[in-house]
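So you can see what is in the structure, the chains are spelled out below.
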Amino acid sequence: SQQGEEDPQALSIQEGENATMNCSYKTSINNLQWYRQNSGRGLVHLILIRSNEREKHSGRLRVTLDTSKKSSSLLITASRAADTASYFCATARNQGAQKLVFGQGTRLTINP
Amino acid sequence: DGGITQSPKYLFRKEGQNVTLSCEQNLNHDAMYWYRQDPGQGLRLIYYSQIVNDFQKGDIAEGYSVSREKKESFPLTVTSAQKNPTAFYLCASTLAGGTDTQYFGPGTRLTVL
């Protein structure tokens, strides 16, 4: 079953604008991770945020985590054409099997 | 270069045939995973292995089988029992546990003719 749900399913913006994607989940987590997938390729890890963290930065990426609302957001600032990809959140649960559960993804298109 | 490789990149199968997808890693990772991705969808876990000679079923294991005889290798067999095998298959590995960062291979696209 899917734990994370991304919103929106698709997002199209102009180059230079900021892109925000959201992820909601259902159960308590150990950490939440964001991955990027270019068309027809494997996933690339972007950032991991632990349940006791609220915000994390990596270059043009900013991730927030609100455990009370069971939600996370990924912000990409000053978008570039190369950011065009699908973005997935994945949650690692606090208990049970040691595995990640992926959401359906947000398809981001950056228009030049 | 350290990394995770999958072969072949494209695979075509006739109905009723078993096929085996290769996944190899030289990252010295303990845990390895197989996922299935359908068009426009997220990843669904097929099987995972946290240590050599041990593996567990994921969410959609029916019609698939795996082995983990060596730390660096985790092949996936898609059997004839899998009714709808056409999909993109991704292999991943992680250093220790499943809650860590996962490193993905480039994927194998399987098409049933």
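Residues numbered from 1 in each chain as written. Chains lettered and ligands numbered in written order. Predicted model: local features only at pLDDT ≥ 70, side-chain atom pairs only at ≥ 80, totals over all residues. Heavy atoms only, no water.

With respect to the overall build of chain A
Logical step 1: Looking only at helices and strands, chain A features 0 helices and 11 strands.
Logical step 2: Counting from the amino terminus, chain A carries its helices and strands in the arrangement β-β-β-β-β-β-β-β-β-β-β.
Logical step 3: The C-alpha atoms of chain A give a radius of gyration of 13 Å, which matches the 13 Å a tight globule of 112 residues would have.
Logical step 4: If you line up chain A on its principal axes, its C-alpha atoms span 45 × 30 × 20 Å.
Logical step 5: In chain A, which comprises 112 residues, the share counted as buried stands at 44%.
Logical step 6: Expressed as a percentage of contacts within chain A between residues at least 6 apart in sequence, the contacts between residues at least 24 apart total 55%.
Logical step 7: Working note: accessible area of chain A is about 5400 Å², and carbon and sulfur atoms make up 42% of it. (Helix = DSSP H or I, 4+ residues; strand = E, 2+ residues; numbered from the N terminus. Rg over C-alpha atoms; globule rule 2.2 N^0.38 Å. Buried < 20%, exposed > 50% of the residue type's maximum accessible area, 1.4 Å probe, protein only. Contact = heavy atoms within 4.5 Å. Areas by Shrake-Rupley, 256 points an atom, 1.4 Å probe, with all protein chains shown as cover.)

Description of the environment of Gln82 of chain B
Residue and element names in this part refer to chain B.
Logical step 1: Inspection of the secondary structure assignment puts Gln82 in the loop between strand 8 (76-78) and strand 9 (87-94).
Logical step 2: The class of Gln82 is buried, set by a relative accessible area of 12%.
Logical step 3: As for Gln82 and Tyr64, which are separated by 18 residues in sequence, their C-alpha atoms are 6.8 Å apart.
Logical step 4: Ignoring any residue separated from it by four or fewer positions in sequence, one finds Gln82 in contact with Arg13, Arg36, Glu62, Gly63 and Tyr64.

Digging into the interface of chain A and chain B
Logical step 1: Taken together, the contacts link 23 residues of chain A with 25 residues of chain B.
Logical step 2: Buried surface at the junction of chain A and chain B, summed over both partners, amounts to about 1700 Å²; 49% is from carbon and sulfur atoms.
Logical step 3: Taken together, the connections running from chain A to chain B amount to 1 salt bridge.
Logical step 4: For the salt bridge of Lys99 of chain A with Asp59 of chain B, the shortest nitrogen-to-oxygen distance reads 3.3 Å. (Buried area = accessible area lost by both parts, 1.4 Å probe. Salt bridge = Lys/Arg side-chain N within 4 Å of Asp/Glu carboxyl O.)

Focus on the packing of aromatic side chains
Logical step 1: Applying the stated rule across the entire model yields 9 aromatic pairs over all chains.
Logical step 2: Ring geometry for Tyr35 of chain B versus Phe104 of chain B: centroids 5.8 Å apart, planes at 35°, classification tilted. Remark: Phe104 of chain B occurs in strand 10 (residues 103-104) and Tyr35 of chain B occurs in strand 4 (residues 31-37); sequence separation between them is 69 residues. No difference in accessibility class separates Tyr35 of chain B from Phe104 of chain B, as the two residues are buried.
Logical step 3: Note on Tyr64 of chain B and Tyr89 of chain B: the rings are 5.9 Å apart at their centroids and 65° apart in plane angle, and the pair reads as edge-to-face. Linking Tyr64 of chain B in strand 7 (residues 64-66) with Tyr89 of chain B in strand 9, this pair joins segments that are 25 residues apart in sequence.
Logical step 4: Residue classification places Tyr89 of chain B among the buried residues on the basis of a relative accessible area of 0%.
Logical step 5: One aromatic cluster is present, formed by Tyr35 and Phe102 of chain A together with Tyr33, Tyr35, Tyr48 and Phe104 of chain B through successive ring pairs.
Logical step 6: The aromatic ring of Phe74 of chain B is capped on one face by Arg68 of chain B, whose charged end is 6.0 Å from the ring centroid. (Phe/Tyr/Trp six-rings, centres within 6.5 Å; stacked < 30°, edge-to-face > 60°. Lys NZ or Arg CZ within 6 Å of the ring centre and 35° of its normal.)

Some words on the sheet that holds strand 1 (residues 5-7) of chain A
All names here are of chain A.
Logical step 1: In spatial order, the strands read 1-3-8-7-6; together these 5 strands make up an open sheet with antiparallel pairing. Only two strands of the sheet have a single neighbouring strand rather than two, namely strand 1 and strand 6 (55-58). Taken pair by pair, the neighbouring strands of this sheet meet at an average axis angle of 20°, ignoring direction.
Logical step 2: With 6 bridges joining them, strand 3 (residues 19-24) and strand 8 (residues 71-76) adopt antiparallel strand pairing. The residue bridging Cys23 from the neighbouring strand is Ser72, located in strand 8. (Pairing = 2+ DSSP bridges. Axes fitted to C-alpha atoms, helices over the stretch in contact; angles between N-to-C directions.)

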